[in-house]
Amino acid sequence: MAGIEFKHVVKTYDNGVTVVPDLNLEIKDKEFVVLVGPSGCGKSTTLRMIAGLESITSGDLLVGGKRMNAVPPKDRDIAMVFQSYALYPHMSVYKNMSFALELAKTPKDEIDRKVHAAAEILGLEPYLDRKPKALSGGQRQRVALGRAMVRNPEVFLLDEPLSNLDAKLRTEMRSQISKLHKQLGTTFVYVTHDQTEAMTMGDRICVMKDGIIQQYDTPQNLYDYPCNLFVAGFIGSPQMNFIDATVAKIGDSYELCFGDVRLQSDKKELEPYAGKAVKIGIRPEDFHAEKQFFAGGNVVDAFIELNEMMGSESYLYLNYGENKLVTRVPARYAKPSEQNIELAVDLEKVHVFDIETEQAICH
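The rules behind these values
- Residues numbered from 1 in each chain as written.
- Predicted model: local features only at pLDDT ≥ 70, side-chain atom pairs only at ≥ 80, totals over all residues.
- Heavy atoms only, no water.
- Helix = DSSP H or I, 4+ residues; strand = E, 2+ residues; numbered from the N terminus.
- Buried < 20%, exposed > 50% of the residue type's maximum accessible area, 1.4 Å probe, protein only.
- Contact = heavy atoms within 4.5 Å.
- Pairing = 2+ DSSP bridges.
- Axes fitted to C-alpha atoms, helices over the stretch in contact; angles between N-to-C directions.
- Phe/Tyr/Trp six-rings, centres within 6.5 Å; stacked < 30°, edge-to-face > 60°.
- Lys NZ or Arg CZ within 6 Å of the ring centre and 35° of its normal.

Mapped onto the secondary structure, Gly 37 falls in the loop between β3 (32–36) and α1 (43–51). Residue classification places Gly 37 among the buried residues on the basis of a relative accessible area of 0%. Sequence-wise, Gly 37 and Asp 194 are 157 residues apart; in three dimensions their C-alpha atoms are separated by 8.0 Å. When neighbours within four sequence positions are excluded, Gly 37 is seen to be in contact with Lys 43, Thr 192, His 193, Met 208 and Phe 234.

If you want it as structure tokens, here you go:
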């Protein structure tokens, strides 16, 4: 069992700066968890605390139920894959992968078996005699993964391992790492600032800001039910549109009003906000050009500043009064730049947030 648990963990550096003020996080055995957030949010520090590369100021870190605060990195049964690959340039691929096993005095036949088994899974067998300089970026990253695999660790830690790769290779390596997790059946903790990586790879995603967990949930729940403005804006590409609106009570239901638009809602959570200002969130794909979505007051008549053609769909950058909006519509419904377009808001997909607390009111 290699579940990981942070209990009231604090990390303060010698200069007095606290990067993780009070971390409580549970990662289950064999789970693939992604830590995501902007630069400086504490995600890499959290990963390095698991590895033992950063000391813990206070609180407890448990791995497999055992307290790890004072356990040296080499005794933690944890393997880490870095952004920079960290391969030995003078060693062959085989030697890079076998080096840790040789240091541990592992029998030669066992080393050979483990290296070849990992190389076969990662498609590295043709390259075992090559030096890292003769490999592509994707191949080097696979060597770094293989070096971690041969140790058969209880926990894999991956610190932005794909950020040095081009877009095509990143997509390829994402699927390889996900497949690897299923094959190995061990706990993976993955750090990235790329929310696309987080959404496509993680069983659960931990969204962090300023060392504080904002939301910890499945990718789908993060997308459908963001708990606050930060998570709503961080998850999704292009990001969610935020619009200032007011709540009007009409009989037993409510309207969210901005410009000429009146979005109807029957959410009882809006009752305390009747007559007050709120922030509403609408994802780019929840604007529709198809007429069956038009329901009276949910239509936005906006000016297209730019039509960004993406193949089967278009990103439309719109002006609506004081609001700058981004929508994503099928290319056949898009219009050229500098024209007006009518788009309907999907009433089932509107998110409402409290302006002061920034917390979600309803979805």
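Read on for the rest.
Attention shifts here to the sheet that holds strand β21 (residues 360–362). Within the open sheet, the six strands sit side by side as β13-β12-β11-β14-β20-β21. Their pairing is antiparallel. The strands lining the two open edges of the sheet, one partner per strand, are β13 (261–265) and β21. Adjacent strand axes in the sheet meet at a mean angle of 40°, parallel and antiparallel pairs treated alike. Sheet analysis places strand β11 (residues 241–250) next to strand β14 (residues 277–282), joined by six bridges and oriented antiparallel. Note on β14: the bridge partner recorded for Phe 242 is Gly 281.

What follows covers the pairing of strand β9 (residues 204–209). Of all six residues making up β9, five are buried, and the element is well covered by its neighbours. Strand direction decides the pairing type here: β3 and β9, joined by four bridges, are parallel. In the sheet register, Val 33 faces β9, and the bridge partner there is Arg 204. Across five bridges, the pairing between β9 and strand β10 (residues 212–217) is antiparallel. The residue bridging Lys 209 from the neighbouring strand is Ile 212, located in β10. Connecting the antiparallel pair β9 and β10 is a turn made up of two residues, with Asp 210 showing a positive phi of about 55°.

Right, let's talk about the side chain of Gln 195 for a bit. On the secondary structure map, Gln 195 appears in helix α6 (residues 195–201). Not counting the four nearest positions on each side in its chain, Gln 195 is found in contact with Val 36, Phe 234, Ile 235, Gly 236 and Ser 237.

What follows concerns the packing of aromatic side chains. Following the criterion strictly, the structure yields seven aromatic pairs and no others. Each ring, one from Tyr 88 and one from Phe 99, has its centre 5.2 Å from the other, and the planes form 70°; the classification is edge-to-face. Taken together, the residues Tyr 88 in the loop between β6 (78–81) and α2 (93–103) and Phe 99 in helix α2 connect sequence positions eleven residues apart. Taking relative accessible area as the criterion, Tyr 88 reaches 34% and is therefore assigned partly exposed. Just above the ring of Tyr 223 sits the side chain of Arg 283; from NZ or CZ to the centre is 4.0 Å.

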